[in-house]
Amino acid sequence: MLPLDRYPKEITLRDGACVTFRPMVREDVAPLWDFFKRISPEDRMYLREDVAKRVEVERWARDLDYDAVLPILAFCGGFVVGDATLHRNRTGWKQRVGTVRILISPDFRHRGLGTAMIRELRHLGEKASLHYLLAEVIEEQQAAVRAFEKLGFERMSVLRNYVNDQKGNLHNLVVLLYPMSDADEEVLY
Ligand SMILES: CC(C)(COP(=O)(O)OP(=O)(O)OC[C@H]1O[C@@H](n2cnc3c(N)ncnc32)[C@H](O)[C@@H]1OP(=O)(O)O)[C@@H](O)C(=O)NCCC(=O)NCCS
């Protein structure tokens, strides 16, 4: 079980702004939708899912299942300013591998929020006894590659023309991996 009693969690960014982290709940559709509307078309184009549709956000809220996908939202003054998700597999051979995704509001970038949210996901990954965290980033998203590398994720491979953006153009995908402290453990069950 993940330690959700640590939320809401207050953090102070390096410029003094206060931000609150907490898991997304069903009632968050409106603020989350408002957050996605503030993301630039360029950034949206690189996102894995089409966040331009409110029905998508409504579907996420309706189908929330923290054991499969745990979305942590960052709030400031009632607005969502960051969204970080930890994706896990309950069955199969990747039960010890978590996938992380992160998106920060344009007006909150370069203020340390992305780093704080990746740290938060790393902490949750440890508590979930994961052995690896995986991040997949389109090569052009250099800020994301650097943000993950800064926190110890290693660039494992670059898959050429592996993914298409929402306009259908192909891009290289950078696969980054973070080994957790007990990744050498041999027995799973
Ligand atoms: C990547 C992203 C999450 C970073 O968030 P952020 O809040 O700006 O991150 P931080 O302020 O904590 O910066 C973390 C590091 O990223 C790097 N970085 C941030 N912005 C950068 C930029 N424009 N260019 C290059 N490197 C950058 C820096 O190394 C920075 O560390 P430093 O401040 O100590 O130099 C944010 O830019 C974003 O949401 N991008 C679009 C979505 C995306 O690419 N997601 C990744 C796919 S999972």
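What this report covers is the structure whose coordinates are included nearby. Computed from a predicted structure; not experimentally measured. (Residues numbered from 1 in each chain as written. Predicted model: local features only at pLDDT ≥ 70, side-chain atom pairs only at ≥ 80, totals over all residues. Heavy atoms only, no water.)

In terms of strand pairing, strand β4 (residues 79-87) meets strand β5 (residues 97-104) through six bridges, oriented antiparallel. Bridge pairing in β5 places L86 opposite V100. Of the pairings in the sheet, the one linking β5 to strand β6 (residues 132-138) comprises three bridges and is parallel in character. The partner of G98 across the bridge, within β6, is L133. Taken together, β5, helix α4 (residues 113-127) and β6 form a β-α-β motif whose crossover is right-handed. (Pairing = 2+ DSSP bridges. Helix = DSSP H or I, 4+ residues; strand = E, 2+ residues; numbered from the N terminus. Right-handed = clockwise from strand over helix to strand, strands pointing away.)

It is worth spelling out the site of the ligand at this point. Around the ligand lies a shell of 19 residues, among which I102, I104, H110, G114 and T115 are the nearest. At 3.4 Å from an oxygen atom of the ligand is found a side-chain nitrogen or oxygen belonging to R14. I102 is positioned with one of its backbone polar atoms (N or O) 2.8 Å from a nitrogen atom of the ligand. Taking 930 Å² as the accessible area of the ligand by itself, protein coverage stands at 78%. Among the secondary structure elements, those contributing two or more residues to the shell around the ligand are β5, α4 and α5 (142-150). Examining the composition of the shell around the ligand, we find that five residues originate from one element, α5, more than from any other. (Near = heavy atom within 4 Å. Polar contact = N/O pair within 3.5 Å; in protein donor to acceptor, adjacent residues only side chain to side chain. Areas by Shrake-Rupley, 256 points an atom, 1.4 Å probe, with all protein chains shown as cover.)

This part covers the sheet that holds strand β7 (residues 154-164). The eight strands lie next to each other as β1-β2-β3-β4-β5-β6-β8-β7, forming an open sheet whose pairing is mixed. If you trace the sheet from one side to the other, it starts and ends with β1 (9-12) and β7, each paired once. Going across the sheet, the axis of each strand differs from the next one's by a mean of 25°, ignoring polarity. Direction of pairing for strand β3 (residues 69-76) relative to β4: antiparallel, over a ladder of eight bridges. Across the sheet, V69 pairs through a bridge with H87, a residue of β4. Strand contacts of α4: β1, β2 (18-23), β3, β4, β5, β6 and β8 (170-179), with the helix running at about 35° to β4, the strand carrying the most contacts. (Axes fitted to C-alpha atoms, helices over the stretch in contact; angles between N-to-C directions. Contact = heavy atoms within 4.5 Å.)

Let's shift gears to the pattern of salt bridges. Summed over the entire model, instances satisfying the criterion amount to 13 salt bridges. Note that D15 is salt-bridged to R111, the shortest N-O span being 2.7 Å. Within this pair, whereas D15 is found in the loop between β1 and β2, its partner R111 is found in the loop between β5 and α4, the two being separated by 96 residues in sequence. Given a relative accessible area of 46%, D15 falls into the partly exposed group. For R111, a relative accessible area of 21% corresponds to the partly exposed category. (Salt bridge = Lys/Arg side-chain N within 4 Å of Asp/Glu carboxyl O. Buried < 20%, exposed > 50% of the residue type's maximum accessible area, 1.4 Å probe, protein only.)

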